[in-house]
There are 2 protein chains.
Amino acid sequence: MTYSTPSQTAEKRAPSLPDMFIEHRAAIGAELRRSLSGDGSVYDLLRYYMGWVDLDGNPTVGTEGKYLRPTLCLFACDATGGAREQAMPAAAALELIHNFSLIHDDIQDEDETRHHRKTLWAIWGVPKALVAGNVLRTVADTALDDLQSAGVPPHRILLVVNRLTQAYLEMIEGQYLDISFEGRQEVGLNQYLDMIARKTGALIRCSFTIGALIGSPDDRVAAAFLESGKALGFIFQVRDDILGVWGDEASTGKPVGADIRRKKNSFPVVYAMARARGNDKRRLLSIYDKDEPNDADVADALHIMDSVNTRDYAHALAVEHGEAALDALAAVELRKRARTEFEDLIDFLLFREH
Amino acid sequence: MTYSTPSQTAEKRAPSLPDMFIEHRAAIGAELRRSLSGDGSVYDLLRYYMGWVDLDGNPTVGTEGKYLRPTLCLFACDATGGAREQAMPAAAALELIHNFSLIHDDIQDEDETRHHRKTLWAIWGVPKALVAGNVLRTVADTALDDLQSAGVPPHRILLVVNRLTQAYLEMIEGQYLDISFEGRQEVGLNQYLDMIARKTGALIRCSFTIGALIGSPDDRVAAAFLESGKALGFIFQVRDDILGVWGDEASTGKPVGADIRRKKNSFPVVYAMARARGNDKRRLLSIYDKDEPNDADVADALHIMDSVNTRDYAHALAVEHGEAALDALAAVELRKRARTEFEDLIDFLLFREH
């Protein structure tokens, strides 16, 4: 597997969903549905948000998430010799926490749609959406109670809970940083990378780490998965940022330049701001100073980003992190075929279209 | 100690803060400050909200809370033979969770002040306030990590964490019910009592239960404190509701009838709605049907509440629960003087003016 010559052409492959997602999907879905089977209308809101039912409570098809975080957790547990059932409560908790953060994110950003569906606050108002998010966060905690009956030893559970709590905290601090950056024109590249390492990276690397903590009694294994998970989190977010600017509308549901239009602080703009000079720099600053950039602004911003090879640079950096993710696990003994499955995962994260 | 003849006159005593609050206050404050000593502006917001500093970060005096929940937790631990230090991480977590819920409550209710100070969202906007609340909630979880170094055995920690998680969930479900009641004119008394048992009661009884779980290895002791704590939660909320309608402005910072003016579903109105008949009932319904009740409306509502002895009934019910709180602990062996201190606590909760 070589990622040594990244290019726009190389990006055109559209990878299929790796086997590990297909393997674990049904079991994760069942566990999550069990967690959210409660009575009371707040659970109706949550089942809607998880993409299982429509607004009338009727089952829907094709609106469920891909369950990245729980899949990473189960893969790590399974690859290091553990039983999937033992990691399942933690896997469910990770997905619930992720969705809790999205519900609150929607409120903060006043986003009325996500994944082509109306968001909770846009339908039921801020108070109910806010509380529904908090319920989800707490259901995640109760899911962890099942680790004990799944046979994970108490001291190991405490370690898992501790890691997860640290990841929450980093995630939320990252969200706070992100909000603080809003309206600021020049966010440094390092500042930006630090922010996403927390906001998105914390939960992704935690998914990997926790899986290994449950799968293997050897703490060095969990440490290796932590390192590898850091790289995965980076790839995931940078690919997200690439898609936010250059993603195909048919795949992402957003027009090209969507993140420019909403002046989102993402990798492409942070990088271009740091690299552009003279007129280009001034033009970019003026675009991001506007309340609402128009079509011409978006076209100019895209042109300036191209002129400093933003997309290639971002992709090359993601590819480097793919190598790092593999390297981190090089010395770890994994069950048969796990390494190939992991390569498929990295390939997917690097080239996914949505 | 007799509570057998409750009356308006009996209520006029203004009890001083019980010894247990004074005894634990400094240690709780120190532990909380340690939990929230982090860098970054979100911690500045949180230190402001906790009442330790003003908007410029300068230390303030007299704006700190009374730390009811941690005090209950430490008292229960200490009274049942435990060391205060062991319960301190849980005590801190309880106060942090309580404040997390207040920050989000302020957003939901669009309350611009609390305890005579501007609320977070009113100063820094909804996104930052929302995330700051989430940070506080997560710092509470990290505080629990210290239970291990405080010497609480792992299986006991899991029990404590489990109880706390259940209490969170009940609290948040209660908040959701409360929001669902808004705008509804006839909330049944039982519905209302069920809602407050969750929204306010869950964390209060959990404080008591957790303290006993850490203080005593005997699970029957924790069960007795749970029962007693249920009664305490009831007294606390009903007294809050009494003060919300008849509280003295000098003490509560709110004019008489404040909860009527904001049409808050609280014990007095729920009770009066259930008891009033004929013209009184129609008048009460029409007042709560208005967007903004005026002075005459408030005066009429107070009159109707008086006509069905709302205040006396509420107080008598609280007194009954005071007896129940004591009875629940009757068979439990407590350290010397603990029972007297507990009587002082009940007295305080029944007659406090703010």
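What this report covers is the structure whose coordinates are included nearby. (Residues numbered from 1 in each chain as written. Chains lettered and ligands numbered in written order. Predicted model: local features only at pLDDT ≥ 70, side-chain atom pairs only at ≥ 80, totals over all residues. Heavy atoms only, no water.)

### A look at the overall build of chain A
Okay, step 1: Each helix and strand in chain A was counted, giving 18 helices and two strands.
Okay, step 2: In summary, chain A has a C-alpha radius of gyration of 20 Å against a globular reference of 20 Å for 354 residues, a match within 12%.
Okay, step 3: Over its C-alpha atoms, taken along the principal directions, chain A stretches across nearly 65 × 50 × 35 Å.
Okay, step 4: When the 354 residues of chain A are sorted by exposure, 56% land in the buried category.
Okay, step 5: Carbon and sulfur atoms provide 48% of the accessible area of chain A, an area that totals close to 14400 Å².
Okay, step 6: Of note, chain A has its 40 positive side-chain charges centred 1 Å away from the centre of its 53 negative side-chain charges. (Helix = DSSP H or I, 4+ residues; strand = E, 2+ residues; numbered from the N terminus. Rg over C-alpha atoms; globule rule 2.2 N^0.38 Å. Buried < 20%, exposed > 50% of the residue type's maximum accessible area, 1.4 Å probe, protein only. Areas by Shrake-Rupley, 256 points an atom, 1.4 Å probe, with all protein chains shown as cover. Lys, Arg positive; Asp, Glu negative; His and termini not counted. Charge placed at Lys NZ, Arg CZ, Asp CG, Glu CD.)

### Quick look at helix H1 (residues 19-35) of chain A
Residue and element names in this part refer to chain A.
Okay, step 1: The end-to-end C-alpha distance of H1, which contains 17 residues, comes to 25 Å, matching closely the 24 Å that a straight helix rising 1.5 Å per residue would cover.
Okay, step 2: Listed as buried for H1 are Met-20, Phe-21, His-24, Ile-28, Gly-29, Glu-31, Leu-32 and Ser-35.
Okay, step 3: Tucked inside the fold, the buried residues of H1 contact helix H3 (68-79), helix H4 (84-109), helix H6 (126-144) and helix H18 (338-351). (Expected span 1.5 Å × (residues − 1). Contact = heavy atoms within 4.5 Å.)

### Some points on the interface of chain A and chain B
A common way to express how large an interface is: the accessible area buried when the components associate.
Okay, step 1: Contacts between the two partners involve 36 residues from chain A, matched on the other side by 36 residues from chain B.
Okay, step 2: Carbon and sulfur atoms make up 70% of the surface buried where chain A meets chain B, a total of about 3300 Å² over both sides.
Okay, step 3: Counting the surface chain A buries against chain B, the share from its top three residues, A:Val131, A:Leu158 and A:Tyr176, is 20%.
Okay, step 4: Connecting chain A to chain B are two salt bridges.
Okay, step 5: B:Asp141 is the salt-bridge partner of A:Arg137, the closest N and O atoms lying 3.0 Å from each other.
Okay, step 6: At the junction of chain A with chain B, the criterion picks out 11 residue pairs in polar contact (both at pLDDT 80 or more).
Okay, step 7: Secondary structure elements with two or more residues in the side of chain A that touches chain B: helix H2 (41-49), H4, H6 and helix H8 (154-181) of chain A.
Okay, step 8: With 14 residues, H8(A) is the largest single contributor of residues to the side of chain A that touches chain B.
Okay, step 9: Tallied by class, residues from the side of chain A that touches chain B come to 19 nonpolar, 12 polar and five charged. (Buried area = accessible area lost by both parts, 1.4 Å probe. Salt bridge = Lys/Arg side-chain N within 4 Å of Asp/Glu carboxyl O. Polar contact = N/O pair within 3.5 Å; in protein donor to acceptor, adjacent residues only side chain to side chain. Nonpolar A, V, L, I, M, F, W, Y, C, P; charged D, E, K, R; others polar.)

### A look at the packing of aromatic side chains
Residue and element names in this part refer to chain A.
Okay, step 1: On inspection of all chains with the given rule, the structure shows 18 aromatic pairs over all chains.
Okay, step 2: Arranged with centres 6.1 Å apart and planes meeting at 15 degrees, the rings of Phe-75 and Phe-342 form a pair that is stacked. With Phe-75 in helix H3 and Phe-342 in helix H18, the pair connects residues that are 267 residues apart, well separated along the chain. The pair Phe-75 / Phe-342 is uniform in exposure class, with both members buried.
Okay, step 3: Ring geometry for Phe-267 against Tyr-271: centres 6.0 Å apart, planes inclined by 5 degrees, an arrangement best described as stacked. You can see Phe-267 and its partner Tyr-271 sitting in helix H14 (residues 267-275), four residues apart, about one turn around the helix. Residue Phe-267 shares its accessibility class with Tyr-271, and that shared class is buried.
Okay, step 4: Three or more aromatic residues joined by ring pairs make a cluster, and in this case those are Phe-75, Phe-208, Phe-225 and Phe-342. (Phe/Tyr/Trp six-rings, centres within 6.5 Å; stacked < 30°, edge-to-face > 60°.)

### Observations concerning the packing of helix H14 (residues 267-275) of chain B against helix H15 (residues 278-289) of chain B
Residues and elements named next belong to chain B.
Okay, step 1: Closest axis-to-axis distance for the H14/H15 pair is 9 Å, and the angle between their directions is 140 degrees. In this view, H14 runs oblique relative to H15, as classed from their interaxial angle. Here H14 runs over H15; the crossing is left-handed. Across the interface between the two elements, Val-269, Ala-272 and Met-273 of H14 pack against Lys-281, Leu-284, Leu-285 and Tyr-288 of H15. (Axes fitted to C-alpha atoms, helices over the stretch in contact; angles between N-to-C directions. Parallel < 35°, antiparallel > 145°, perpendicular 65-115°, else oblique. Left-handed = near helix turned anticlockwise from the far one by under 90°.)

### Some points on the pattern of salt bridges
All names here are of chain A.
Okay, step 1: The full count for this structure, using the stated rule, is 48 salt bridges over all chains.
Okay, step 2: The residue Arg-47 makes a salt bridge to Asp-44 at a minimum N-O spacing of 2.9 Å. One end of the pair is Arg-47 and the other is Asp-44, both in helix H2 and three residues apart, which spans about a single turn.
Okay, step 3: Under the relative-accessibility criterion, Asp-44 is labelled partly exposed at 44%.
Okay, step 4: Among the salt bridges present, the one from Arg-352 reaches Asp-240, with a minimum N-O distance of 3.0 Å.

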